[in-house]
Amino acid sequence: KRLERKPAPVARSKGSELLFGVAPCALALARARRGLFRLFLQPSSGARRPVTGELALQAAARGVPVQRARRRELDALCRGHVHQGVCLEATPLRFRSLEEAEKPDVGDEERPKAPLVWLVLEQIQDPMNLGALLRSAYFLGVDRVVTSQRNSCPLTPTVSKASSGVMEVFDVYSTDDLCSFLKAKSAEGWEVIGTVSKPEDVENVPVISCLEFRWNKPVILVIGSEGDGLSLETQLLCHRLLTIPPGRALHPGIESLNVSVATGILLHSICSQKLRHGD
């Protein structure tokens, strides 16, 4: 049998990373928040041809070179991730500063003055979880997402793919002093809400079901790490803690939800009230 040669490695631009997947690459091209170097496209036919054709046009409009590449070459480029025949070489996205978070978005002045909802993430380390959290936050109407700098996942191409490209259009902010940030927002009149899976483990902070939670001022929902949840220091800065009531008696060892799923449920409970506030 004829031996297949391994594809030659593609030289990358210094300081670049490789986005993969249709949605992240299309949105990165459309928004141009990154420096863009090259678009890699797998030759396609049938239903996928219009998609790759549109991406090639977007790249041409931005002055980004397009390079055709076989599937095996793209597999090697993005180290086996699911690329859907599309990769984009670009500069990384960085977290934005809290000072920038305080500035209103363009067009906010024309919107109804509903209270703000911010999502704060403490030491989320899994890029798939971070991507899913960003996607839910964007979809449900969260105004800002803020992460702790320490022990948190950076904004990688895997995060962008897991967010279905939301990371390319939705700014993410970061702080190196989460406790001081929460204290400052509390002093400004915000309500700081945390979450806990075992109410019996909590002291000194009221715990209620998310179904009972009502609010009429700006809210920060703080979510803790995948393994340990909120740190005790952060938990004690919360005005209330929310729980998600289960739909059945739970078997020991299966008593909690994935962090991105739990956050989606809590955000829906909170943000659905935001829509009513804005009426």
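The chain is annotated in an unreviewed UniProt entry as rRNA methyltransferase 1, mitochondrial of Caloenas nicobarica. What UniProt records for the chain under Sequence similarities (unreviewed entry) is the sentence "Belongs to the class IV-like SAM-binding methyltransferase superfamily. RNA methyltransferase TrmH family." The chain has a UniProt comment under Subcellular location (unreviewed entry) that states "Mitochondrion".

A. Just the side chain of Thr243, in detail. For Thr243, the location among the structural elements is in strand E11 (residues 240-243). Overall, Thr243 belongs to the buried group, its relative accessible area being 14%.

B. Helix H5 (residues 127-140), seen in detail. In this model, H5 (14 residues) spans 20 Å end to end at C-alpha, consistent with the 20 Å of a helix rising 1.5 Å per residue. What H5 keeps buried is the set Asn129, Leu130, Gly131, Leu133, Leu134 and Ala137. The backbone nitrogen of Met128 has a side-chain oxygen 2.7 Å away, supplied by the residue at the start of H5, namely Asp126. At the exit of H5 stands Gly141, carrying a positive phi of roughly 100°.

C. Examining the packing of helix H1 (residues 22-31) against helix H2 (residues 49-62) more closely. Where H1 meets H2, the closest approach of the two axes is 9 Å, and the angle between their N-to-C directions is 30°. On the basis of their axis angle, the class for H1 and H2 is roughly parallel. The chirality of how H1 crosses H2 is left-handed. Residue-level inspection shows Val22, Ala26, Leu29, Ala30 and Arg31 of H1 in contact with H2, the latter providing Val51, Leu55, Gln58, Ala59 and Arg62.

D. A look at the packing of aromatic side chains. Tallying each qualifying case throughout the model produces 3 aromatic pairs. Arranged with centres 6.2 Å apart and planes meeting at 15°, the rings of Trp118 and Phe181 form a pair that is stacked. On the criterion of sequence distance, the pair formed by Trp118 in strand E5 (residues 117-121) and Phe181 in helix H7 (residues 178-187) is long-range, its members being 63 residues apart. Trp118 sits in the buried class, given a relative accessible area of 3%. Chaining the aromatic ring pairs together yields one cluster made of Trp118, Phe181 and Trp190. Above the plane of the ring of Trp118 lies Lys185, whose end atom (NZ or CZ) is 4.6 Å from the centre.

E. Region of the structure containing the sheet that holds strand E3 (residues 66-68). Sheet architecture is open: 4 strands sit in the order E1-E4-E2-E3, paired in mixed fashion. The sheet is open, and its two edges are formed by strand E1 (17-20) and E3, each paired on a single side. Neighbouring strand axes in the sheet, compared pairwise and without regard to direction, differ in orientation by 25° on average. In the sheet, strand E2 (residues 36-41) pairs with strand E4 (residues 86-90) via 5 bridges, with the strands oriented antiparallel. Counted as the bridge partner of Phe40 is Cys87 from E4. Along the sheet, H1 contacts E1, E2 and E4; its crossing angle with E4, the most-contacted strand, is approximately 45°. Seen against the sheet, H2 touches E2, E3 and E4 and runs at an angle of roughly 160° to E2.

What counts and what doesn't
- Residues numbered from 1 in each chain as written.
- Predicted model: local features only at pLDDT ≥ 70, side-chain atom pairs only at ≥ 80, totals over all residues.
- Heavy atoms only, no water.
- UniProt positions renumbered as here; feature names shortened; annotations may be inferred.
- Helix = DSSP H or I, 4+ residues; strand = E, 2+ residues; numbered from the N terminus.
- Buried < 20%, exposed > 50% of the residue type's maximum accessible area, 1.4 Å probe, protein only.
- Expected span 1.5 Å × (residues − 1).
- Polar contact = N/O pair within 3.5 Å; in protein donor to acceptor, adjacent residues only side chain to side chain.
- Axes fitted to C-alpha atoms, helices over the stretch in contact; angles between N-to-C directions.
- Parallel < 35°, antiparallel > 145°, perpendicular 65-115°, else oblique.
- Left-handed = near helix turned anticlockwise from the far one by under 90°.
- Contact = heavy atoms within 4.5 Å.
- Phe/Tyr/Trp six-rings, centres within 6.5 Å; stacked < 30°, edge-to-face > 60°.
- Lys NZ or Arg CZ within 6 Å of the ring centre and 35° of its normal.
- Pairing = 2+ DSSP bridges.

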